[in-house]
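Secondary and tertiary structure notes
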Amino acid sequence: MIQVLLRYVVLFTITLVVLCAMSFSLAYLFPGDVLENLTGISPQNEFQRAAIARQLGLEQNYFVQFYYYLERLLAGDWGYSSASGLPLLEEVSVALPATIELSTYAMFMAIVVGIPLGYYAGVKCYSTTDYTLNSLSITTYSFPVFWFALVLILVFSLQLDVAPISGRLSLLFDVESVTGFIMIDILLADNIDHGLAIRDALSHLFLPTVAIGAITTAAMVRITRRSVIDVMQRPYIAAARSRGLSSWQIFFRHVIRNALLPILPLMAIQITTLITNAMIVETLFSWPGIGNWLLQAIYQQDYPALRVGMLAVSALVVTLTIIVDLFNRLIDPSRDRFERGTI
Amino acid sequence: MAMLDIKNLTLEISEGDTTIKALDKVSLSVNSGEIRALVGESGSGKSLIVSAICGALPAKWKLTADRMSWNGENLLSMSTQQRREVMRRDIAVVFQNPQTSLDPSVTLGEQLEESIPEEFVKGQWFWQRAKHRKKIAISTMHKVGIKDHNTYLKSYPHQVPSDIGQKFMMAIALVAQPKLLIADDPTRGMEPTTKTQILKLLTRLNQTRALSVLFVSHDLLAIASMSHTMTVLYAGQTVESGKMKHIKKRPLHPYTKALLDSAPSFRKDLPPKSSLPTLKGSIPTLQHLPIGCRLGPRCPRAQRECVVTPSSRRIHDHIYSCHYPLHREVK
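Observations concerning the overall build of chain A
Scanning chain A from terminus to terminus reveals 14 helices and 0 strands. Along chain A, from the amino end to the carboxyl end, the secondary structure elements read α-α-α-α-α-α-α-α-α-α-α-α-α-α. Seen along its three principal axes, the alpha-carbon backbone of chain A occupies a region of about 85 × 60 × 40 Å. Here chain A holds 343 residues, and 47% of them are scored as buried. A sequence separation of at least 24 residues applies to 69% of the contacts in chain A between residues at least 6 apart. Put simply, chain A shows about 17600 Å² of open surface, and 67% of that area lies on carbon and sulfur atoms.

Considerations on the overall build of chain B
Broken down by element type, chain B carries 11 helices and 13 strands. Taken over the C-alpha trace, chain B has a radius of gyration of 21 Å; the compact-globule value for 331 residues is 20 Å, and the two agree within 12%. By principal-axis analysis of the C-alpha atoms, chain B measures approximately 75 × 50 × 40 Å. Here chain B, with 331 residues, has 53% of them falling under the buried criterion. Residue pairs in contact within chain B that sit at least 24 positions apart in sequence constitute 64% of those at least 6 positions apart. Carbon and sulfur atoms make up 53% of the accessible area of chain B, which totals about 16100 Å².

Digging into the side chain of His254(A)
By the element assignment, His254(A) lies in helix H11 (residues 247–285). Those residues within four positions of His254(A) in sequence are excluded, and the remaining contacts are Val231(A), Tyr236(A), Ile237(A), Ala240(A), Leu245(A), Gln249(A), Asp103(B), Val106(B) and Glu114(B).

So, the interface of chain A and chain B
Counting from both sides, the interface comprises 22 residues of chain A and, opposite them, 24 residues of chain B. In this assembly, chain A packs against chain B so that about 2100 Å² is buried in total across both faces, 54% of it on carbon and sulfur atoms. Here chain A is connected to chain B by 2 salt bridges. Glu114(B) is paired through a salt bridge with Arg243(A); the nearest N and O atoms lie 3.2 Å apart. Counting the contacts that link chain A with chain B gives 9 residue pairs in polar contact (both at pLDDT 80 or more). Among the elements that make up the side of chain A that touches chain B, the one with the highest residue count is H11(A) (6 residues). Across the side of chain A that touches chain B, the residue classes break down as 8 nonpolar, 8 polar and 6 charged.

Here's the deal with the nonpolar core
In terms of nonpolar packing, the biggest core is built from 95 residues, with Ile53(B) and Leu214(B) touching the most fellow members. A per-element tally of this core places helix H7 (residues 162–174) of chain B first, with 8 residues. For Leu214(B), the contacting residues outside a window of four places in its chain are Leu28(B), Val30(B), Arg36(B), Leu38(B), Ile53(B), Leu180(B), Leu181(B), Ile182(B) and Ala183(B). Counting 71 residues, the second largest nonpolar core, distinct from the first, contains Met107(A), Leu152(A), Ile186(A) and Leu245(A).

Topic: the environment of Ala173(B)
All names here are of chain B. If you trace the backbone, Ala173 turns up in helix H7. Look at Ala173 and you get buried, because its relative accessible area is 3%. Other than its neighbours up to four places away in sequence, Ala173 contacts Ala92, Val93, Val94, Pro178 and Leu181.

Section: helix H1 (residues 2–29) of chain A
The terminal C-alpha atoms of H1(A), which comprises 28 residues, lie 40 Å apart, in line with the 40 Å expected from a rise of 1.5 Å per residue. All of the buried residues in H1(A) are Val4(A), Tyr8(A), Leu19(A), Cys20(A), Ser23(A), Phe24(A), Leu26(A) and Ala27(A).

What counts and what doesn't
- Residues numbered from 1 in each chain as written.
- Chains lettered and ligands numbered in written order.
- Predicted model: local features only at pLDDT ≥ 70, side-chain atom pairs only at ≥ 80, totals over all residues.
- Heavy atoms only, no water.
- Helix = DSSP H or I, 4+ residues; strand = E, 2+ residues; numbered from the N terminus.
- Buried < 20%, exposed > 50% of the residue type's maximum accessible area, 1.4 Å probe, protein only.
- Contact = heavy atoms within 4.5 Å.
- Areas by Shrake-Rupley, 256 points an atom, 1.4 Å probe, with all protein chains shown as cover.
- Rg over C-alpha atoms; globule rule 2.2 N^0.38 Å.
- Buried area = accessible area lost by both parts, 1.4 Å probe.
- Salt bridge = Lys/Arg side-chain N within 4 Å of Asp/Glu carboxyl O.
- Polar contact = N/O pair within 3.5 Å; in protein donor to acceptor, adjacent residues only side chain to side chain.
- Nonpolar A, V, L, I, M, F, W, Y, C, P; charged D, E, K, R; others polar.
- Core = buried A, V, L, I, M, F, W, Y, C linked by side-chain atoms within 4.5 Å.
- Expected span 1.5 Å × (residues − 1).

Shown next, in the form of C-alpha cells:
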C-alpha cells in the first residue's frame with residue numbers, strides 16, 4: 001500500500017519536474033530576450049539587467065539556471081505578465097479555478113448522465129434502445145465543440161432567450177473573488193441575495209457546461225456500454241446466472257464494479273479532452289478561465305504568461321490523471337497480481 | 001422416473017447462411033441418486049450440454065428438444081423466474097475453469113455467501129444473519145477440504161491456487177444443497193491427490209445426501225471407478241449410454257470400444273510395449289461435420305448405410321445408436 005503510494009508520488013514528481021524543464025526551455029525557445037521571457041520585466045538600464053541576471057543565475061550553466069527556476073516556482077515567484085504587469089501567480093489563480101469549475105460541472109454531467117445511460121445501453125445490448133442511444137452518442141461525439149457551442153448560443157440565447165450569451169455572473173452582483181470558484185464565492189459574499197445570485201450563476205453556467213459536457217457524456221456512454229457488454233460475456237456472469245442469481249443481483253454485485261474498472265483509466269483520458277474543450281468554449285462564452293486567458297496572452301505575445309499557463313494547465317491534467325489512476329489502482333484488487341506474480 | 005430427462009436435444013448455431021447442428025438429437029437422463037458420467041473428446045459438445053441445461057446459451061442459438069424436463073417440469077417452456085428458482089435450489093454447476101468462473105473483483109467469501117439461499121440463514125437481524133451466513137460458508141469450506149478458511153474467505157480469485165479455486169467452485173455449488181450437481185470437468189489440471197479428494201467428496205455426497213451427479217469429463221479412469229451410468233458423446237451425437245459395468249464389459253458401439261481400448265487400465269490382456277489402438281483421424285470440427293453417423297469416416301465397421309443417422313436402439317437399459325453394433329456380425 002505504502003509502496004504503491006510512494007511509486008505514484010515519485011512518478012508524479014518526476015513528471016512535474018519534466019514539465020518544469022519544458023517550461024524553462026520555453027524561455028529560450030520563445031523569440032526575444034531570455035531574461036524578459038523568464039521574468040516578464042523589461043530592465044530599464046544595464047545595472048538593473050545585470051542585477052536580475054545575477055538573481056536568475058543567467059551567467060551560469062543551464063542546470064544551475066533550472067535549479068534557480070525551480071526554486072522561484074516553488075516560492076511562488078512565477079514572474080510578471082508583460083502585458084498587464086501583474087504577478088502571474090495571481091492571474092493564474094484567478095483564471096484556473098474558473099476553468100476547473102466549468103470542467104467539474106461538465107465532468108459531473110458526463111458521469112451522472114453518461115455512465116447510467118451507458119450501463120443501460122450495455123445491459124440492453126443490441127436492442128432498439130441500445131441502437132438509439134448508441135447512434136445518438138456517436139452523433140453528439142462527432143460535433144465539433146466550437147460549432148456546438150455556437151449552435152447552443154444561437155438557439156438558447158438568441159432565439160429562445162433563456163440563457164445569457166456570455167460571462168460568469170451578472171454585473172449586478174458584486175462578488176469578491178476569494179476562492180475563484182463562483183459558487184463558493186457567492187456563498188461567501190455577505191451583501192447580496194444568495195438565491196438570486198446562484199440562480200443567475202447557474203443560468204450563466206448552463207450553456208458552457210452543456211457544450212463541454214455533451215461530448216464527454218457521449219464518450220462516456222460509448223466507453224461504458226462497451227465495457228458492460230464485455231463484462232456480460234465473461235464466464236463468471238454465466239456462472240452467476242447458473243447459480244440462480246436474479247438479473248438485478250448479477251448486475252449490482254458482479255457487473256457494476258467489473259465494468260467500472262476499465263472505464264476509470266479511460267475517464268482520465270477524457271479529462272484531457274474535457275479541459276481542451278473547456279478552453280475552446282471559454283473563448284466563445286467569454287468565460288474568464290485559463291483558456292481565454294491563454295488566448296489573450298497569445299494575441300499579446302505575452303511569453304511569460306504562455307510559459308506559466310502551459311505549466312499550470314499541464315500540471316492540472318497530470319495531477320488529475322495520476323489521481324484517477326491511483327484511485328483505480330486502489331479499488332482494483334486484481335492489479336497487484338502484476339506486481340507480485342500469481343500462484 | 002428420471003430427475004433430469006433430456007430427449008433429442010438439438011442445438012443449431014447459424015453462422016452466416018449455414019446452420020450447424022452442434023448437438024444432434026442428444027438424449028441424456030439423470031436418475032435420482034445416481035452418478036452419471038458424460039464422456040467425450042474435447043469438442044464433442046459436453047460443455048454445450050451443460051450450458052443448455054443451466055440456460056446459459058446465447059439467445060440466438062436455436063435450442064429444440066422433444067423433452068427437457070426437471071422433475072417432470074418442462075425446462076424449455078418455463079418462465080425465467082421459475083428457471084432461476086430451479087437453478088438456485090435444485091441444480092448446481094461446477095464450471096471448468098475456476099479462474100474465469102469466479103468474479104475477479106469480489107472476495108471468495110462474498111461469492112460463497114451470496115449463493116446461500118435465504119431460507120437457510122437463521123436470525124432476525126442482519127448482523128445475526130451475516131454471522132450465520134459466515135458460519136455456513138465456513139462449514140461448507142471445511143466440507144470440500146479447505147482448511148485455512150480465514151485466509152481464503154478474504155482472498156480474491158487471483159490470489160489462490162487453482163485447486164483451491166476449484167474447491168471453492170464446489171463449495172459455491174454445494175452450499176445451496178442442490179439435488180443435482182453438474183460437474184463440468186472439475187478435476188482438470190489437478191494433481192492426483194487433490195483429484196482423488198474431489199472425487200471422494202463427490203462419491204461421499206452421493207452416498208450420504210443422495211446427491212445426483214452429472215460428471216462431465218474425459219478422464220475415463222476417474223469416471224469408471226465412481227459413476228453408475230455413462231453416456232458417451234461423439235461430435236454432438238449420443239453414441240451409447242447405459243450402466244457403467246455393462247458398457248465396460250461389453251461396449252456395443254465401435255467408438256465406445258475404441259475409447260475404452262485407448263485406456264490401458266481397462267485392458268488386462270495388453271501385451272507389454274505394444275502400441276495402444278486408436279481410431280484414425282481426429283474429431284471433426286463443427287464446420288466439417290459428416291452427414292449421417294458422425295463417426296462414419298473414422299469407423300472401422302462403417303458401411304453404406306452409415307450415411308443415414310442411426311436411430312437409437314435399446315437392449316434393456318443399454319441404449320446405442322449404430323447400424324452395425326459390435327454384437328452383430330458385419331456382412
